Amino acid sequence: MLKYKTFLLIFSFLQLPIFTIAQQIPKYTISGYVQEKGSKELLPGVSVYIPSIKNGTVTNSYGFYSITIPKDTFTIIFSYVGFKKKLFLINLNQDIELTAELELFNELNEIVITDKRNSISDKPQMSNIDIPIKQLKEIPAIMGEKDVFKVIQLLPGVQKGSEGQTGIYVRGGGPDQNLIILDDAPVYNAQHLFGFFSVFNGDALKSVELTKGGFPARFGGRLSSVIEMQMKDGNKEKTTGEFSIGAISSRGVIEGPIKKGKSSFLISARRTYFDILTQPIILLASEGTTRSGYYFYDFNAKCNFILTPKDRLFISGYFGKDNMYLRYKEKYYDDNKYISLEEKFNFYWGNRTATARWAHQLSNKLYLNTSAIYSNFTFGIDLNSKYDNEKFTLKYYSGISDLSIKSTVDIIPNTMHSIKSGILITRHFFTPSAIAIKNSELPESNYENKKGLETIETGIFTEDIMKIGKKIQLNTGLRISSFSVLKPSKTYINIEPRFSGNYIITPGLSSKLSWATMNQYLHLLSNTGIGLPTDLWVPVTDKVKPQRSHQIAAGFAKDFYDYGFSASIEGYYKLLENIITYKDGASFITVADEIDSEDTKSIDWQNNVTQGNGKSYGTEILLQKKEGKFTGWIGYTLSWTKVKFNEINFGKEFFPRHDRRHDASIVGIYELNKNITISATWVYGTGNAISLPQSEFIGIHHNPGQSGISSLKNYYINSLIVTEYGGKNSSRMAPYHRADISVMFKKQKKKGERTIELSVYNLYNRANPFFYYIGTSGYKGILGGDWGNSDSLRQLKQVSIFRLIPSLSYSFKFKN
Amino acid sequence: MKQYFNKFIYILISALFLYSCEDVATNVKIKQVEKQIVVQCFISPDDDTVKAMLSWSLPVIGTSYSTKPELINNASVIIYNNNISDTLEWNNNLELYTISTSKFKINKGETYYLQVKLLDGKNVFANCTVPATQNNTLALYKVDSMTNSWDETIIEYTYKYNNHSNSQNNYYRISSEINVYSEYDEYVQGDFKSKNEIKNDNYYTNSLYSFSNEPIYVKAYIINSDYNYFQYHKTLQNAQNSFGIFSEPNIIFSNIKGGLGCFGAYYSYSVENKIR
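Predicted model, so just to flag it, every value in this text is computed and none were measured. (Residues numbered from 1 in each chain as written. Chains lettered and ligands numbered in written order. Predicted model: local features only at pLDDT ≥ 70, side-chain atom pairs only at ≥ 80, totals over all residues. Heavy atoms only, no water.)

## Remarks on the overall build of chain A
Worth spelling out the cut-off: Strands are runs of DSSP state E lasting at least two residues, helices are runs of H or I lasting at least four, and both sets are numbered from the N terminus onward. A simple rule labels every residue: compare its accessible area, found with a 1.4 Å probe on the protein chains alone, to the largest value its type can have, and call it buried under 20%, exposed over 50%, or partly exposed in between. We call two residues in contact when some of their heavy atoms are within 4.5 Å. What sets the accessible areas is the Shrake-Rupley method with a 1.4 Å probe; for residues, cover comes only from the shown protein chains.
A tally of helices and strands in chain A yields five helices and 47 strands. Buried residues in chain A amount to 59% of all 816 residues. Looking at chain A alone, contacts between residues at least 24 apart form 67% of all its contacts between residues at least 6 apart. Accessible surface for chain A amounts to roughly 32800 Å². Of this, 59% is attributable to carbon and sulfur atoms.

Structure follows, in structure tokens:
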């Protein structure tokens, strides 16, 4: 009891009044976990509802719930999308611990009852969408590679970048403004293959949730969105697994108990094999001298242990890497001897994360989570060459490493309040550029330069989901964030108020309102916006201020219970302050050059960047059906995004590349019978804003010491043909649209379930633009190798990738 | 058979990955522009002549690489300030419009206007203000040289900002003219800095490679300019240095209303040193 009171004092300073309410009728607490029957996987977001008092709660991110009500006899209902509802009759005359096990719907003919507690109109949170993993696996994907980010791109308010890219632009924000969390660990570069695939393997995921606005106080550090993913805990009852063979990669997952009912493990892995398949061609073409290729892999592992009925320990990790490599080996005869030449080149990048989380149930109303988190992103180039006896090595890398401690406590004093408070302390270590050169013949030119920047980021937060009467629910919160740069010393402290709430107009219909202020202390310097690994993460400094956003959103949510679908319409207005970009002409190369200079004071990527402001506003409509034979959604976004930098476009406002007026998506999944599932998507988006050449003219430099403008006759060398674009991003790419379709054939076998999936990406073979360039009528194209005739007329040429692509994949889910 | 099968598989996979195509873009919202008047004129109290170059811009789409932008030689070019007005005449030798500054004086701190009219009625307009004389200015106080391990002669200029002023919005360009008799003669485009970027002590270096033992003359300039001159040259320099298919294009500055180019103003200081 003493422990309970101590935590109340520490963590709920904003909610003190709620504990002063006199308690006349004795109240008791029902608490426990909700888990999946069979695997014992803990289920977050499960509705726990008591019809007689028309009140309830939901399980937290870790599957824990607690509800305190007056002494009574009643029915308690546990329900969750895709699972059978579970009812218990309770005679509550003392505190009860109740763990509920929910069973998955397996049979198609089973009646799926839509429960009102799974409605969106009942939640105070807005601009928040959870993506069922089942849908994630059924939505068609390019080359059969299921990708959580590509599914998120289909949601309203989320814009995609270029064709095939996994870059995510939420409500006008850049890809760096998304907080991507895997089991509490931030992931800094979530992209494989230069952004064509994300690093997350759907086989290992338990839940995916996207928040675009009205951010709860527990989230901070990024401006535009939170993508929170949890890995599966692993099956505690039996060993199961799944493997699949796709067009470009194979993957597998295995999970099972370590000690039955008490602990479990999950391991999943994926690797591409394009390099293995193409190796013989490259060897043949190079007469055996060259091996080169590209691959990526990722590896997820998780263990969890029930230490005592009140203590659980989770250890999870992710390791992924992309590597482009070249090996060259040749021996030739010269100067009366054999000389060997050997070269090895690697261009690699990857993330590593590790999380150890201890969950401790302090009481039936208090749930404590403490995590130690590690996250690392590294991009590097290795070059080793050996010519006869001379050896040369060059190693370059940049990256960011985080070490964090996070502690949160969930306090559920009664049915009117649900409080979450906590603290997160992170030590970031940035290595914007490190280089080491070794030359056996010229030892004097050996060089090593590794400079790092160390910073500390802290967030303290508290939030309370409270009910006011039967009509109003609020999530109010406060986050105090701070960021300290150690050298030169500078500390920023910011207060971030958060609010979201709903007012139930009629059962099933509510209006919602939210406000959030966010600060971001890490910046991503990106030239291209397409998520190359060369993009640099850098911290705020005394010169470069934190980015900040203020977002207000309002809307309506409606549940059509009889038809099993929901609809929402939201309008938002977001102001962005101190957003960062490279100045014209600067790139990671210039930044790296400056970092390599000797003078520490001139480690000045800061001189190559500029800060500005932006705004984004728009309306989003989502019509979603999560249950039944037919599921899917229709999403539409109408939005405007504008940015302004003093040093770009001469201080004039312009549309960033990802500004997109209209964005629409239709996603449908239909279970024809228990063996066949058909799914299809269609997307449409206004073309990106880009700068396209309009005209050219002769630009003349003034030469110092000369009088005014030079004559072309005498000083032609000081002139150049320059291109005029009519202002920054004044043109638009062609609209993007595409349809994909997939059919999954499942078959129950003796040892498990076999699935064959046939999918077609870009069904009607639309040539969507990837980029444009100026060519001529005689020019055969970048791939053609014919540079054309200089007298031919110039044309704007469009390069498209990913036209109609059929693919076939095979997977087998085995049961022990 | 197996051999053919393997070939087929490799071709199939390769085709999938190189599955890109090119075509003429037809449904792109690109502003179709007509040719525009381009004016380039930089005025200075130091100069003996005001010169303006007039040319046409060339629409990119529908023209060829071999088509050269044309000069304009039949325009009426008028320069004026609040007191007087005069006309720049076509100089066939220079292919520029010119007027002597003994006839039309350029003064520090004054605003000038330039109007260009063509016979068909098309006209463009611009104005600029010559920076006023300042007591607080940049001073170049040393030009030095050294030889590095690659036998390059490194020229180093040291300049200093005196009496930092907050009252004026100044723009600077640090440039130089290097001359090695019979071997080398070039202008270095230089470094562009606005007042906020100037520190109290600044070093600017440039290197040149010289085989001979002939004398090297370096004349270093500090140009104090208006915003138009500064931005135009800075964006020209960026355009010259940029490359890459994914890099953002450089937008060229213009203050010519109704056209393209720049009407800017400057004055300069210089120091000349014989460094070998």
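Once you've had a look at it, read on.
## Considerations on the sheet that holds strand β12 (residues 178-182) of chain A
Residues and elements named next belong to chain A. How we decide: Note: two strands are recorded as paired if DSSP finds a minimum of 2 bridges between them.
Ordered in space as β9-β16-β17-β12-β13, the five strands form an open sheet in which the pairing is mixed. The open sheet is flanked by β9 (128-131) and β13 (185-186), the only strands paired with a single partner. Looking at chain direction, β12 and strand β17 (residues 225-231) are connected through five bridges and run parallel. Across the sheet, I181 pairs through a bridge with E228, a residue of β17.

## Some points on the environment of G264(B)
Residue and element names in this part refer to chain B. Mapping G264 onto the fold places it in strand β16 (residues 260-274). Classification of G264 by relative accessible area gives buried; the value is 0%. Each C-alpha atom of the pair G264 and S225 lies 7.8 Å from the other, and the pair is 39 residues apart in sequence. Residues in contact with G264, not counting those within four places in the same chain, are C41, F42, I43, C128, D226, N228 and Y229.

## As for helix α4 (residues 274-285) of chain A
All names here are of chain A. To keep things clear, this is the line we draw: A helix is expected to span 1.5 Å for every residue after the first. Our arc is simply the arc of the directions from the helix axis toward the C-beta atoms.
Look at α4: 17 Å from first C-alpha to last across twelve residues, which is about the 16 Å you get at 1.5 Å a residue. Regarding α4, the residues found buried are D275, T278 and Q279. In an axial view of α4, the angular spread of the buried residues amounts to 140 degrees, which keeps them on one side of the axis.

## What to know about the environment of I245(A)
Residues and elements named next belong to chain A. Note on placement: I245 falls in strand β18 (residues 240-245). Overall, the relative accessible area of 43% leaves I245 in the partly exposed class. Separated by 564 residues in the primary sequence, I245 and S809 place their C-alpha atoms 5.6 Å from one another. If sequence neighbours within four positions are ignored, I245 has contacts with S250, Y273, L808, S809 and Y810.

## Re the nonpolar core
The test is simple: Nonpolar cores are built from buried Ala, Val, Leu, Ile, Met, Phe, Trp, Tyr and Cys residues. Side-chain atoms within 4.5 Å join them into one set.
V148(A), F149(A), I152(A), F200(A), V208(A), I227(A) and M229(A) are the most contacted members of the largest nonpolar core, which totals 70 residues. With four residues, helix α3 (residues 148-152) of chain A is the largest single contributor of residues to this core. For V148(A), the contacting residues outside a window of four places in its chain are L136(A), S198(A), F200(A), L205(A), V208(A) and M229(A). Core analysis: the next-biggest nonpolar cluster, separate from the first, contains 28 residues, C41(B), A52(B), W56(B) and I256(B) among them.

## Overview of the pairing of strand β23 (residues 337-363) of chain A
Residue and element names in this part refer to chain A. As paired elements, strand β22 (residues 311-334) and β23 share 24 bridges and run antiparallel to each other. In the strand pairing of β23, E330 is matched with L341. Counting the residues between successive antiparallel strands, the hairpin from β22 to β23 contains two residues, one of them, D335, with a positive phi of roughly 55 degrees. In the sheet, β23 pairs with strand β24 (residues 366-387) via 22 bridges, with the strands oriented antiparallel. Looking at the pairing, N351 lines up with F377 of β24. In this antiparallel pair of consecutive strands, β23 and β24, the connection spans two residues.

## Points about the pairing of strand β3 (residues 49-56) of chain B
In the case of a regular strand, side chains alternate between the two sheet surfaces. Residues and elements named next belong to chain B. Extensive coverage of β3 is indicated by the burial of eight of its eight residues. By the alternation rule, side chains of β3 split into T49, K51, M53 and S55 and V50, A52, L54 and W56, which are all buried. Across five bridges, the pairing between strand β2 (residues 37-43) and β3 is antiparallel. Paired with I37 across the two strands is W56, which belongs to β3.

## A closer look at a positive patch on the surface
All names here are of chain A. What counts is decided by this rule: Here the term patch refers to residues with relative accessible area over 30% and no salt bridge, with like charges joined within 9 Å and nonpolar side chains (Val, Leu, Ile, Met, Phe, Trp, Tyr) within 5 Å. The term salt bridge refers to a pairing of a side-chain nitrogen on Lys or Arg with a carboxyl oxygen on Asp or Glu at a separation within 4 Å. His residues and chain termini do not enter the charge count, which takes Lys and Arg as positive and Asp and Glu as negative. Taken as the charge centre is NZ of Lys, CZ of Arg, CG of Asp or CD of Glu, depending on the residue.
A cluster of basic side chains, namely K329, K331, K344, K386 and K391, defines a positive patch on the protein surface. Tracing the chain through its elements places K344 in strand β23. What makes K344 partly exposed here is its relative accessible area of 38%.

Purely geometric stuff here, so don't read any function into it on its own.
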